[in-house]
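Structural overview for review
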Amino acid sequence: MTQNRKIIHVDADCFYAAIEMRDDPSLRDIPIAIGGPENTRSVLATANYAARVYGVRSAMPTSVAKRLCPALRVLPGNMTKYRIASEQMHRIFQEFTEIIEPLSLDEAYLDVTDSAYFHGSATRIAQEIRARILAEVGITVSAGVAANKFIAKVASDWDKPDGLTVVTPEKQFEFVSAVPVKFISGIGRVAQERLAGLGVFTCADLQKLEFSVLQKSFGSTAFRLSQFALGIDDRPVSVSRERKSISVEHTFSKDLMDLRECEAVLPILFTDLKKRMTGRNFESQLSKYYLKMKFDDFKQTTIEQPIRHKLSDEVFLSLLRQAYDRYRRPVRLIGVGYRLSPPKPLQLLLPFS
């Protein structure tokens, strides 16, 4: 039962920017972000809190961020440094539990239900992890402690930066009732607007909504939303995170104005995809072709087709034409890849005696 679990969600505070500020103290008090130059289509990976005051956010185009904050210093980033810091964090996690579900370089769930450290106190374990990361990695992390993954993740974001929020089972319903629905995973801007139209802004509002009304607007996801609104989440911390796809995508410095220009860039994407596939032994898991297209108005579409015979680049050409026909507008991004099926279990051939 989830009531018996002790889950910690650890999330580094503006991770990439924090590493840069750690290594160059002169950056600590000025607005900085990690991303590409403003004269390209680059978006920001993250921004420090001095930049966020101006409305600068991750995934924001660099050009927009610079308009909001002209003094913003944009750094190119260093993935080697960030991976080293992430590995240091995970070595610390592993001292307290083997049940770890990484979500990204700077974020992970830990199940410490059976951990013997600090007499099994998840709160004390979270405090120690935060102190160790500050001392050994040189950055702050926020953490949430709860009986399930949903509440732990929300709690880690409740008191950022450098915060620790503990939600005991007794306080869980009271806590979740105050949570804005935008904190629920998968509830983006469009879904928020749809819920606002139903008078739903917090989980308490969602608890009161008739399920039939919610289902009419959200279909198969309605049940998950209603469960999260009550603070119910039975998902275990999953040590093995199976890869579901392999792909490459490219945002173009200038919009591709027609289908002919889109077709001309496909060979470059094929080359990059084949490089990414090299040595990964995914061939037996490939189940579908996958193509993504984003247009100049930021609308996007994806299209898939099952793999029935041996691989053919011509299929991607067909998918490209179908995707383009859906909007017939200038194109800013194209991505190609494959969906993966779970690996087949190995079967041992034993001799009959």
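Up top you'll find the structure we're talking about.
Summarised in this report is the structure supplied together with it. Every value quoted in this text rests on a predicted model; they were computed, and no experiment measured them.

Definitions and cut-offs
- Residue positions are given per chain, counted from 1 along the sequence in the order it is written.
- Selection of residues for local features in this predicted model requires a pLDDT of at least 70, selection of side-chain atom pairs for listing and counting requires 80 or more, and totals for whole chains, interfaces and linings are taken over all residues.
- With hydrogens and water excluded, all non-hydrogen atoms of the structure serve as input to the side-chain values.
- Two strands make a pair as long as DSSP finds a minimum of two bridges between them.
- Here a strand is any run of E in DSSP of at least two residues, a helix any run of H or I of at least four, and the numbering for each starts at the N terminus.
- Only the contacting stretch of a helix is used when fitting its axis, a line to C-alpha atoms as for every element, and angles between N-to-C directions run 0 to 180 degrees.
- For this analysis, residues touch if any pair of their heavy atoms sits within 4.5 Å.
- Crossing handedness follows the turn of the near helix against the far one: under a right angle anticlockwise gives a left-handed crossing, and clockwise gives a right-handed one.
- Each residue is assigned to one of three groups, with Ala, Val, Leu, Ile, Met, Phe, Trp, Tyr, Cys and Pro labelled nonpolar, Asp, Glu, Lys and Arg labelled charged, and all others, Gly among them, labelled polar.
- Accessibility here uses a 1.4 Å probe with only protein chains present; expressed as a share of the type maximum, an area under 20% marks a residue as buried, one over 50% as exposed, and anything in between as partly exposed.
- Identification of polar contacts relies on pairs of N or O atoms within 3.5 Å, with a donor-acceptor requirement for protein atoms, meaning one able to donate a hydrogen and the other able to accept it, and with residues adjacent in sequence counted only if both atoms are side-chain atoms.
- Among the buried residues, those of types Ala, Val, Leu, Ile, Met, Phe, Trp, Tyr and Cys that are joined through side-chain atoms within 4.5 Å form a nonpolar core.
- The pocket and cavity definitions rest on a 1 Å grid over protein atoms only: a 1.4 Å probe that fits but cannot leave marks a cavity, an open set with protein on both sides within 12 Å along at least five of seven lines marks a pocket, and residues lining either have an atom within 4 Å of a point.
- Grid points are joined across faces, edges and corners, and a volume is the space filled by probe spheres set on the points.

1. Some details on the sheet that holds strand β3 (residues 44-47)
As summarised here, the arrangement of the three strands in space is β3-β2-β4, forming an open sheet in which the pairing is mixed. The strands lining the two open edges of the sheet, one partner per strand, are β3 and β4 (73-75). In this sheet, adjacent strand axes meet at a mean angle of 30° when their direction is disregarded. Both strand β2 (residues 32-35) and β4 contribute to a ladder of three bridges, which runs parallel. Note on β4: the bridge partner recorded for Ile32 is Arg73. Strand contacts of helix α1 (residues 15-23): β2, β3 and β4, with the helix running at about 120° to β2, the strand carrying the most contacts.

2. Some thoughts on the packing of helix α4 (residues 79-94) against helix α5 (residues 122-136)
The N-to-C vectors of α4 and α5 enclose an angle of 145°; their axes lie 10 Å apart at closest approach. Considering the relative orientation of α4 and α5, their crossing is right-handed. Between α4, through Gln88, Met89, Ile92 and Phe93, and α5, the contact on the second element is made entirely by Ile129, Arg132, Ile133 and Glu136. Tallied by class, the residues present in the contact of α4 with α5 amount to five nonpolar, one polar and two charged.

3. A look at the environment of Gly36
The topology assignment puts Gly36 in the loop between β2 and β3. When neighbours within four sequence positions are excluded, Gly36 is seen to be in contact with Ser42, Val43, Thr62 and Val74.

4. Some details on helix α6 (residues 149-156)
Helical periodicity: at 3.6 residues per turn, an α-helix aligns residues three or four positions apart in one direction. The element α6 is extensively covered by neighbouring structure, given that seven of its eight residues are classed as buried. The set of residues buried in α6 consists of Lys149, Phe150, Ile151, Ala152, Val154, Ala155 and Ser156. Measuring from the backbone nitrogen of Phe150 back to the side-chain oxygen at the start of α6 gives 3.2 Å, which picks out Asn148 as the cap.

5. Let's talk about helix α13 (residues 313-327)
Residues Val315, Phe316, Leu317, Leu319, Leu320, Ala323 and Tyr324 constitute the buried set of α13. Close packing links the buried residues of α13 with α12 (259-277), β10 (286-295), β11 (300-306) and β12 (331-340).

6. Considering the sheet that holds strand β9 (residues 245-256)
As summarised here, the arrangement of the four strands in space is β9-β12-β10-β11, forming an open sheet in which the pairing is antiparallel. With partners counted over all chains shown, the strands left at the sheet margins are β9 and β11, one partner each. Taken pair by pair, the neighbouring strands of this sheet meet at an average axis angle of 15°, ignoring direction. With eight bridges connecting them, β9 and β12 associate as antiparallel partners. Residue pairing in the sheet places His250 in a bridge with Ile334 of β12. Running at roughly 145° to β9, α12 makes contact with β9, β10 and β12 of the sheet. Along the sheet, α13 contacts β10, β11 and β12; its crossing angle with β10, the most-contacted strand, is approximately 35°.

7. Quick word on the nonpolar core
Counting residues in each nonpolar core, the largest one holds 34 residues, and the members touching the most others are Ile8, Phe15, Met89, Phe93, Leu110, Ile133 and Ile139. At the level of secondary structure, the elements contributing two or more residues to this core comprise β1 (7-12), α1, β2, α4, β6 (107-111), α5 and β7 (141-146). Examining the composition of this core, we find that six residues originate from one element, α1, more than from any other. If we skip the residues at most four places from it in the chain, Phe93 touches Val10, Ile100, Ala108, Leu110, Ile129 and Ile133.

8. Focus on unusual backbone geometry
Most peptide bonds adopt trans geometry, and most residues besides glycine take a negative phi value. Between Lys160 and the following residue, Pro161, the backbone shows a cis peptide bond with an omega angle of -5°. Of note in the backbone geometry, Arg328 takes a positive phi value of approximately 50° without being a glycine. Secondary-structure assignment places Arg328 in the loop between α13 and β12. Look at Arg328 and you get exposed, because its relative accessible area is 56%.

9. A word on the layout of surface pockets
Considering only enclosed or pocket space, the largest pocket measures out at about 1100 Å³ in volume. Together, 34 residues line the largest pocket, and Asp11, Glu107, Lys153, Asp157 and Lys160 are the ones closest to its centre. Contributions of two or more residues to the lining of the largest pocket are made by β1, α1, β3, α2 (49-52), β5 (100-104), β6, α6 and α11 (222-229). When the residues that make up the lining of the largest pocket are grouped by side-chain class, the tally is 13 nonpolar, six polar and 15 charged. What the second largest pocket holds in volume is close to 290 Å³.

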